[in-house]
Protein chains: 2
Amino acid sequence: MLQPVMHVLKQKYIILASGSPRRKELIENIGLQVKLCPSLFKEDLDPENFENFSEFVEETALQKVLEVDNRLKTEGAAPDVIIGADTMVTLDGKMFGKPISHEEAFDMLSKLSGRGHTVYTGVVVKSLDKTVKFTEKTDVYFGKLDDEQIRGYIATGEPMDKAGGYGIQGVGGTFVERVEGDYFTVVGLPLYRLCSILYDMFKEVK
Amino acid sequence: MLQPVMHVLKQKYIILASGSPRRKELIENIGLQVKLCPSLFKEDLDPENFENFSEFVEETALQKVLEVDNRLKTEGAAPDVIIGADTMVTLDGKMFGKPISHEEAFDMLSKLSGRGHTVYTGVVVKSLDKTVKFTEKTDVYFGKLDDEQIRGYIATGEPMDKAGGYGIQGVGGTFVERVEGDYFTVVGLPLYRLCSILYDMFKEVK
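Nothing here was measured: the structure is a model prediction, and the numbers come from that model.

Asker: Hey, could you go over the packing of helix α4 (residues 102-112) of chain A against helix α5 (residues 147-155) of chain A for me, with residue numbers and the actual values?
Answerer: Residue and element names in this part refer to chain A. Across the interface, α4 lies against α5 with an axial gap of 10 Å and an inter-helix angle of 135°. Taken together, α4 and α5 sit at an angle that is classed as oblique. Read as a crossing pair, α4 and α5 show a hand that is right-handed. Of the residues in α5, those touching α4 at H102, A105, F106, L109 and S110 are D147, I150, R151, Y153 and I154.

Asker: Pulling in residues and values, what's your account of unusual backbone geometry?
Answerer: Phi at A:D92 is positive, roughly 50°, even though this residue is not glycine. Counting through the fold element by element, A:D92 comes out in the loop between β3 (81-91) and β4 (94-96). Residue A:D92 is classed as exposed on the basis of its relative accessible area, which comes to 56%. The backbone of B:E43 shows a phi angle near 55°, a positive value even though the residue is not glycine. By the element assignment, B:E43 lies in the loop between β2 (35-36) and α3 (53-74).

Asker: Hey, could you go over the interface of chain A and chain B for me, with residue numbers and the actual values?
Answerer: Across the contact, 34 residues belong to chain A and 34 residues belong to chain B. Buried surface at the junction of chain A and chain B, both sides included, amounts to about 2900 Å², of which 57% is carbon and sulfur. For the chain A face of the interface with chain B, the top three residues by lost area are A:M1, A:T174 and A:Y192, together amounting to 22%. Summed over the shared surface of chain A and chain B, the number is zero salt bridges. For the pair chain A and chain B, the interface holds eight residue pairs in polar contact (both at pLDDT 80 or more). Within the residue set of the side of chain A that touches chain B, elements represented by two or more residues are α5, β7 (176-181), α6 (183-187) and α7 (191-202) of chain A. Sort the elements by how many residues they give to the side of chain A that touches chain B and β7(A) lands first, with six residues.

Calculation criteria
- Residues numbered from 1 in each chain as written.
- Chains lettered and ligands numbered in written order.
- Predicted model: local features only at pLDDT ≥ 70, side-chain atom pairs only at ≥ 80, totals over all residues.
- Heavy atoms only, no water.
- Axes fitted to C-alpha atoms, helices over the stretch in contact; angles between N-to-C directions.
- Helix = DSSP H or I, 4+ residues; strand = E, 2+ residues; numbered from the N terminus.
- Parallel < 35°, antiparallel > 145°, perpendicular 65-115°, else oblique.
- Left-handed = near helix turned anticlockwise from the far one by under 90°.
- Contact = heavy atoms within 4.5 Å.
- Buried < 20%, exposed > 50% of the residue type's maximum accessible area, 1.4 Å probe, protein only.
- Buried area = accessible area lost by both parts, 1.4 Å probe.
- Salt bridge = Lys/Arg side-chain N within 4 Å of Asp/Glu carboxyl O.
- Polar contact = N/O pair within 3.5 Å; in protein donor to acceptor, adjacent residues only side chain to side chain.

On their own, these measurements won't tell you what the molecule is for.
This is the structure we're talking about:
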């Protein structure tokens with residue numbers, strides 16, 4: 001979608017305020033050149049202070065962007081665009097972050113087995129003159145997993161650094177019977193809306 | 001999902017009867033070791049002879065598998081498992097194969113713009129003692145594209161070897177507002193059902 005503005009985007013210094021190799025791969029797959037700058041924001045917002053999951057992931061994404069923006073400005077390397085994102089898996093009104101132990105991963109995956117859950121990704125795009133925020137949510141339906149399959153998956157090491165304890169773009173993709181929404185929201189960066197925003201930002205700059 | 005039977009699968013000689021680098025990548029992402037052997041089947045079945053799209057893609061996948069199976073047996077290198085697949089994009093009762101010109105790609109993408117279509121992938125898994133066939137279908141909803149965006153996309157070269165003129169795992173992913181079904185059906189290999197079949201085939205072999 002970005003091809004008509006790609007010559008403009010290629011001249012911009014674009015930062016992805018994330019350490020996620022999956023987000024970087026997504027961005028690169030669509031031909032965008034970005035520099036990764038993981039945020040040092042602690043991600044310690046209290047969910048109780050937010051009306052809903054959308055506001056929570058958007059605010060976390062915003063804090064990641066602002067931390068990176070301030071740091072780079074201090075260093076005299078202010079970027080033209082900063083993109084930040086935060087992804088959260090939710091089930092029955094509860095948020096599942098990254099599991100901190102194999103036991104917690106087992107518990108999460110057992111709960112996700114044989115039913116649907118919702119993944120939220122909040123995104124912030126900050127250019128020199130404006131900041132745009134949005135959240136996408138996608139429903140993901142897992143097939144029924146037995147304990148042996150869950151334990152075997154945990155043994156691959158894949159679940160430990162991923163919200164909800166699975167990676168849809170890896171071995172975890174074999175658990176997913178269907179999705180409803182933008183698939184890339186589940187990977188960690190909703191491409192359609194992100195690219196729509198970048199296109200609108202730069203289509204007048206020729 | 002396959003971890004409990006992976007030690008069995010690793011000892012099997014598994015052929016993917018396809019030349020698609022996307023299918024190979026999907027299979028490798030889930031830890032399966034396969035050898036690619038593109039089928040020489042002409043893919044010239046007449047859609048008029050089939051009741052519906054599912055039967056058409058399943059039969060094409062079957063013919064790919066049988067051609068490869070016969071050829072390898074003749075060469076004395078009979079595999080333990082052969083996996084074949086065929087993917088078709090459909091809109092308003094018509095099938096969209098791979099575009100044969102830029103004009104045809106433009107026509108296809110213009111028709112897909114701003115609405116939903118359905119992707120069918122037929123899969124055949126043939127082991128030494130049985131053959132399993134199935135078809136998965138996934139609905140894909142494109143955002144509205146302008147002519148400049150379509151032309152820019154065609155200029156990337158991505159559309160030309162892909163059913164329907166787009167690749168969802170590449171730049172084409174930015175066109176897709178939402179999917180409903182198995183995302184991997186659109187990439188070319190429905191992972192959930194494929195892995196369920198492989199799991200059932202080999203779970204008794206310990």
